[in-house]
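One-letter residues, chain by chain:
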Amino acid sequence: MKLEKILDKLGSIEKNSFIKIIDNIISKSPKNAKQIDKILSSSDKGLKSVDNQNISKIFALTAGEFQEHIKCEFQEITSQLDILIDIIIRDGNCIMKQDWFSRLYETEIKHIKSRIKTLNADFENDKSELSASRKRDYKIYKACLHTAYHNDVENNRDAKITSDELSIILTLSKQLSLSQEEVKLINYSILPIKKLDIQDVIKGLKNIGVIFYSNKENTIYVADEMVRMLRRVRQKEVAEKFYRRTLKLLRAPIINQIAREHNIDRKLTYSQKIEEIIKEGVSFTSLLSEDIYKPESTLTEKKKTLNELCEKGLNIQNLKGSVLEEKISSLIEHFESVERDEKVGISLDGFEKLLTELNQSLPKLNKQIREQFELQDEFVLKADFLLDYNIKPRDILDLIVKQDLTKFIKDNGIKQRGDDILNILEHYKDVENLYLENYENVAYRNLNLLKENGITVKESELGLKFEELTKTIFSGLGFNVDEILKNKLNTKKDMMDILLNLENNEIIIVECKTSKERGYNKFSSVSRQLKSYQNVALKNDLRIVKILLVAPEFSDDFVTDCEMDTEMNLSLITASTLSNISEAFKSSKYSEFPHVLFRDIVINEERIIKALSK
């Protein structure tokens, strides 16, 4: 669930710890201080009186400093913060009742204690499955950690690990290629581990700003933005669902090789080994840099293997980067972009239909999804419910075994040739709704995200598609999109995109611009174009009520130039704002959008949505 949506659910006291931390960061002149001051300038009483949308924006602007604040909390090595954060960043654990969180925490402590016993036994057993080199790595790390923790006792001080010692220990674990889980097990074989009171745990996490707790609902909320930040802190570069999607493309011998390297039980099935590799916290970068290749592979062979994995397996074309490290970074960025995107790959109606029919064909799937994502509710195959947990159609289909996918495809008359998952997503796609849900991605000409969301389109077609979608939105707002009058006015030189006929010789001219670059900034060229359209309309005795320019976003210079223009009644509206206004209009009392609300230089989404809700 997005941060803004969570903040909307909570009272001021429940947000207090989080606000205090951001306030503290702001007081120390953070990197983006100017942009933050610009947001705060509209508020007399500081951050506490800022609306939730702007608090979310300020959190994004202070993300670097907030992440450093969390890292500092890890210096208290006995706080169990690693255990707790590993629980709340798992897919499906971003919303939890207190009793459910308590149960997961207790289970995790028992699991760690059990695995520590097994690890200690492996240290002593010459015949254990641990290789000699891996056993040596474990012993080096354990000996260094033991010295760092117990050297204080010799100097008559409380046993602890200083920040300098912790920095060295973390570097050592990285150089030894230890997974997060391996580090955790060795740490807690030396440091005392005991179950803490759940109220103290929640209070501690709330005080450092990583969770919100609703007293009224007894529910823990972890914002999607915070989950991504916490993953970076724990050096887990991608969400479990993307890690799983990548691992499932690897052959059994490669999975066995990775499992052997990280002390994972060789008796487990292929699917179980994949889940254990994910739980181990094996670095995604390390996996794609070293673990998936044969020992003798050259750098050229590694690049070729990675390209094939991305292009043929993950369906990602032209991965950026000339060296292996750059390609891996590009893949991680791609997965982050897909996760941040709120689109689901098929329309919402299609997702609901897919879940209904999956439940009919595969009655055990509901239980499987509950267990996989550790969800508390009894019935979880509901689109809105799953999207609150950032679980999308592809994430569900990735969990279904081949045999069950084949049965589902046959039961529902889905195309059988080609990739099963892509065929299913195509079957449940509602194309028009899907394009509208991806309106902003079309505006940004973001081909990779469009493809990930189930839309195949040529880049050369995006400008026209954006114009068509904008027409659909304005029609949905109750306007008369008058193609006949537009074509009558248009000349070979002056061709306006959209004309809204308000009757009585009054019109609104709408111009659509797509842009890959952030911050649309071509005011001089677009203003000449718009003034030319204006002159054509005036010559035909038409009154121009408003000229609207729709683009993905606008640079500050563009907005300033627009404010200084004295010849046109021009307003700027971003694609996301127009899309959100359209959604708000659907549940309003109006049958036709009151165009007088288009009065700002940059259209104020929040003000218009508030006006529509009255």
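Enquirer: For this particular structure, what's the right way to read the overall build of the protein chain?
Expert: Per the secondary structure count, the protein chain includes 33 helices and seven strands. Scaling as 2.2 N^0.38, a compact globule of 614 residues should have a C-alpha radius of gyration of about 25 Å, and the protein chain matches this with 28 Å. Counting only C-alpha atoms, the protein chain reaches 95 × 60 × 50 Å along its principal axes. Long-range contacts, defined as pairs at least 24 residues apart, comprise 66% of the intrachain contacts of the protein chain with a sequence gap of at least 6. Carbon and sulfur atoms provide 47% of the accessible area of the protein chain, an area that totals close to 30700 Å². Measuring between centres, the 96 positive side-chain charges of the protein chain sit 2 Å from its 100 negative side-chain charges.

Enquirer: Sorry if this is basic, but what is going on with the side chain of Thr-470 here?
Expert: Mapping Thr-470 onto the fold places it in helix H28 (residues 462-476). A relative accessible area of 0% means that Thr-470 is categorised as buried. When near neighbours in sequence (up to four residues on either side) are disregarded, Thr-470 contacts Tyr-439, Ile-498, Val-510, Cys-512, Val-550 and Leu-578.

Enquirer: It is not clear to me how the packing of aromatic side chains should be interpreted in this structure. Could you clarify?
Expert: How two aromatic rings sit relative to each other is set out by the distance from centre to centre and by the angle between their planes. Summed over the entire model, instances satisfying the criterion amount to 16 aromatic pairs. Between the aromatic rings of Phe-408 and Tyr-428, the centroid separation amounts to 6.3 Å while the plane-to-plane angle is 20°, which identifies the pairing as stacked. Here Tyr-428 lies in the loop between helix H24 (420-427) and helix H25 (431-437) and Phe-408 lies in helix H23 (residues 402-411), a separation of 20 residues in the sequence. Exposure remark for Tyr-428: the relative accessible area of 3% places this residue in the buried category. Three or more aromatic residues joined by ring pairs make a cluster, and in this case those are Phe-474, Phe-479, Phe-585, Phe-593 and Phe-598. Between the NZ or CZ atom of Lys-382 and the centre of the ring of Phe-385, over which it lies, the distance is 5.1 Å. Sitting above the plane of the Tyr-435 ring, Lys-465 keeps its charged end 4.3 Å from the centroid.

Enquirer: What am I meant to see in the packing of helix H13 (residues 240-247) against helix H15 (residues 270-280) here?
Expert: The description of two helices packed together rests on the angle between their axes and the distance between the axes. Orientation of H13 relative to H15, taken along the N-to-C sense of each, is 140°, at an axis distance of 10 Å. If you check the angle between H13 and H15, you find them oblique. Note that H13 runs across H15; the crossing there is right-handed. Touching Glu-240, Tyr-243, Arg-244 and Leu-247 of H13 are Tyr-270, Ile-274, Glu-275, Ile-277 and Ile-278, all from H15.

Enquirer: So what exactly am I meant to see when it comes to the layout of surface pockets here?
Expert: Where empty space is left becomes clear once a probe the size of a water molecule has been rolled over the atoms. Here the second largest pocket is characterised by a volume of approximately 1100 Å³. Along the walls of the second largest pocket sit 43 residues, with Leu-170, Gln-180, Val-233, Arg-234 and Gln-235 positioned nearest its centre. Looking at the lining of the second largest pocket, the elements that each hand over two or more residues are helix H5 (63-73), helix H6 (81-88), helix H9 (163-175), helix H10 (180-190), helix H12 (224-233) and helix H16 (284-291). Here the lining of the second largest pocket takes eight residues from H9, the largest share from any one element. By residue class, the composition of the lining of the second largest pocket is 14 nonpolar, 18 polar and eleven charged.

Conventions adopted
Residues numbered from 1 in each chain as written. Predicted model: local features only at pLDDT ≥ 70, side-chain atom pairs only at ≥ 80, totals over all residues. Heavy atoms only, no water. Helix = DSSP H or I, 4+ residues; strand = E, 2+ residues; numbered from the N terminus. Rg over C-alpha atoms; globule rule 2.2 N^0.38 Å. Contact = heavy atoms within 4.5 Å. Areas by Shrake-Rupley, 256 points an atom, 1.4 Å probe, with all protein chains shown as cover. Lys, Arg positive; Asp, Glu negative; His and termini not counted. Charge placed at Lys NZ, Arg CZ, Asp CG, Glu CD. Buried < 20%, exposed > 50% of the residue type's maximum accessible area, 1.4 Å probe, protein only. Phe/Tyr/Trp six-rings, centres within 6.5 Å; stacked < 30°, edge-to-face > 60°. Lys NZ or Arg CZ within 6 Å of the ring centre and 35° of its normal. Axes fitted to C-alpha atoms, helices over the stretch in contact; angles between N-to-C directions. Parallel < 35°, antiparallel > 145°, perpendicular 65-115°, else oblique. Left-handed = near helix turned anticlockwise from the far one by under 90°. 1 Å grid on protein atoms, 1.4 Å probe; cavity = no way out; pocket = protein on both sides within 12 Å on 5 of 7 lines; lining within 4 Å. Points joined across faces, edges and corners; volume = space filled by probe spheres on them. Nonpolar A, V, L, I, M, F, W, Y, C, P; charged D, E, K, R; others polar.

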